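The chain contents come next:
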Amino acid sequence: MIEITLDELNKLQKDTYQIFDIRNDESFSYGSLPGAVHLPQNVLEADMEKDMPGVIKNFPEGKTSVLVCQRGQQSREIAERLTDAGAKVQSLKGGFNGWLLSTMQEENGDDEEAKIRREQIEKDFEKKYRHEITTPFSKAINDYDMIQPGDRIAVCISGGKDSFLMAKLFQRLKRHNKIPFELKFICMDPGYSQMNREVIENNAKLLGVPIEIHNSNIFDSVDNVEKSPCYLCARMRRGYLYSMAKAAGCNKIALGHHYDDVIETILMGMLHSGQFQTMMPKINSTNFEGMELIRPLYLIREDDIKKWRDENGLHFIRCACHFTDTCSTFDPESHNNSKRMETKHLIAELKKNNPFVEGNIFRSVENVNLATIVSYKQDGVRHNFTEWYDKKKAEHADAAKAILEGNAGKEDVEE
């Protein structure tokens, strides 16, 4: 049998098999099956082309090697090739998604146990995650003046770790804060697979987030777009969220962009667009009058969000669009190799030689000196340093002349 079901796997003695997760680095970092060894698909297939006997020899002797991809498709194809070559290999049916959904359904089956787990997650915000998560969340809201009395905020749930963390922090803020404001938790389904939809619903139930899911066909709309489908998808999703929030009587939408998103955006603008700009902590909508977008996770590091996720045994979906909701490898020519991911890796490399590089990138947009900028835009109008250069030159000349005349007068008095 090429495939093995999760039930069949659970019946095996743990010392009789080894799980190999063949998904890419980013997917594996979101979580995997317990005890899984990471063996990226592109690395495995490259080695199979060069030295199939060597690959087979490296699998644990006397054990069944179980390959896991996202949905069980690519792992089955590779398992067939390896089996034909003489390896003792099987593919997990349903892949990581199947295991994840089964695990979540099992965890949520006991309402009392789920309640205890949720209460512990909420309790940990007070002490365990206070420094890394709770305090930066409150600081961003206060420093950037994100919430005013009477606000009705639509907390936008994408289904990922960032948006669900934001939802829990908003719930805590609502309980503890003296400012009167209202919350609405909205989730726009742009065309998720049924499995990803169920993962979102299970996480919402576990974490006690009362989401309202609205359906759309955005993924289908951008499937055939060749140029910048991700950009178009993001714009369309943003528009849907504004529309849903306004229909719900909200005046603000909250998105889960964090500190790392901010510094990556700064660097991406410089390297790929020739612009020096940042992702703002809040902006007024130009298309939806009276609406504002806020980013309360602005000062929270992604590693701290991952730590919160992993230490609580939580599993969330990734982008889950039709381009990434596959078993595809991290191929330099594929959609997975986004400019943002390239920038993330670049910053990680820079950090090896300069541990302060992330903070320096973030602060660079806070320490802009217009006197050292050749050109900039303000309210859609471009300005050039030559506009004030001659004026400043004359002012300096006048100041220098005044100083010289003052010194000359002082010398006359002394004589």
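Residues numbered from 1 in each chain as written. Predicted model: local features only at pLDDT ≥ 70, side-chain atom pairs only at ≥ 80, totals over all residues. Heavy atoms only, no water.

**Description of the overall build of the chain**
Each helix and strand counted, the chain has 17 helices and 13 strands in total. In terms of principal-axis extent, the alpha carbons of the chain reach across some 105 × 55 × 45 Å. Counting all 415 residues of the chain, 43% fall into the buried class. A separation of at least 24 residues holds for 72% of the contacts in the chain among residues at least 6 apart in sequence. Roughly 22700 Å² of accessible area belongs to the chain as shown, and the carbon and sulfur atoms make up 50% of that amount. Looking at charge distribution, the chain has the averaged site of its 55 positive side-chain charges lying 3 Å from that of its 65 negative ones. (Helix = DSSP H or I, 4+ residues; strand = E, 2+ residues; numbered from the N terminus. Buried < 20%, exposed > 50% of the residue type's maximum accessible area, 1.4 Å probe, protein only. Contact = heavy atoms within 4.5 Å. Areas by Shrake-Rupley, 256 points an atom, 1.4 Å probe, with all protein chains shown as cover. Lys, Arg positive; Asp, Glu negative; His and termini not counted. Charge placed at Lys NZ, Arg CZ, Asp CG, Glu CD.)

**Topic: the confidence of the model for the chain**
On average, residues of the chain score 88 in pLDDT, and 92% of them reach the 70 mark or higher. Across residues 326–337, confidence stays below pLDDT 50; counting only partners more than four residues off in sequence or on other chains, it has 33 contacts. (pLDDT = per-residue confidence, 0-100.)

**Focus on the state of the cysteines**
Within the structure shown, the criterion is met by zero disulfides. In this model Cys156 remains outside any disulfide bridge; the closest cysteine sulfur is found in Cys250, 8.7 Å from its own. On the basis of relative accessibility, which here comes to 5%, the residue Cys250 falls in the buried class. (Disulfide = S-S within 2.5 Å.)

**As for the pairing of strand E12 (residues 375–378)**
It is a general feature of regular strands that their side chains alternate between the two faces of the sheet. Here four bridges tie E12 to strand E13 (residues 381–384), and the two strands are oriented antiparallel to one another. When the bridges of E13 are listed, Lys377 appears paired with Arg382. In sequence, E12 turns back onto E13 through a hairpin of two residues, with Asp379 there showing a positive phi of about 55°. (Pairing = 2+ DSSP bridges.)

**Let's talk about the environment of Asn42**
Tracing the backbone shows Asn42 in helix H3 (residues 41–50). Classification of Asn42 as partly exposed rests on a relative accessible area of 34%. A C-alpha to C-alpha distance of 34 Å links Asn42 and Ser216, two positions 174 residues apart in sequence.

**What about the pattern of salt bridges?**
Under the counting rule described, the total for this entry stands at 26 salt bridges. In this structure, Lys252 and Glu292 form a salt bridge, with 3.7 Å as the shortest nitrogen-oxygen distance. With Lys252 in strand E9 (residues 252–254) and Glu292 in strand E11 (residues 292–294), this pair connects stretches of sequence that are 40 residues apart. Of the two residues examined, Lys252 and Glu292, each falls in the buried class. Here Asp260 ties to Arg301 by a salt bridge, and the two come within 3.1 Å at their closest N and O atoms. Taken together, the positions of Asp260 in helix H13 (residues 259–273) and Arg301 in the loop between E11 and helix H14 (302–311) put the pair 41 residues apart, joining distant regions of the chain. A relative accessible area of 10% means that Asp260 is categorised as buried. Residue classification places Arg301 among the partly exposed residues on the basis of a relative accessible area of 22%. A cluster of three or more residues bridged by salt bridges with shared partners is formed by Lys161, Asp162, Glu264, Glu302, Arg340 and Lys344. (Salt bridge = Lys/Arg side-chain N within 4 Å of Asp/Glu carboxyl O.)

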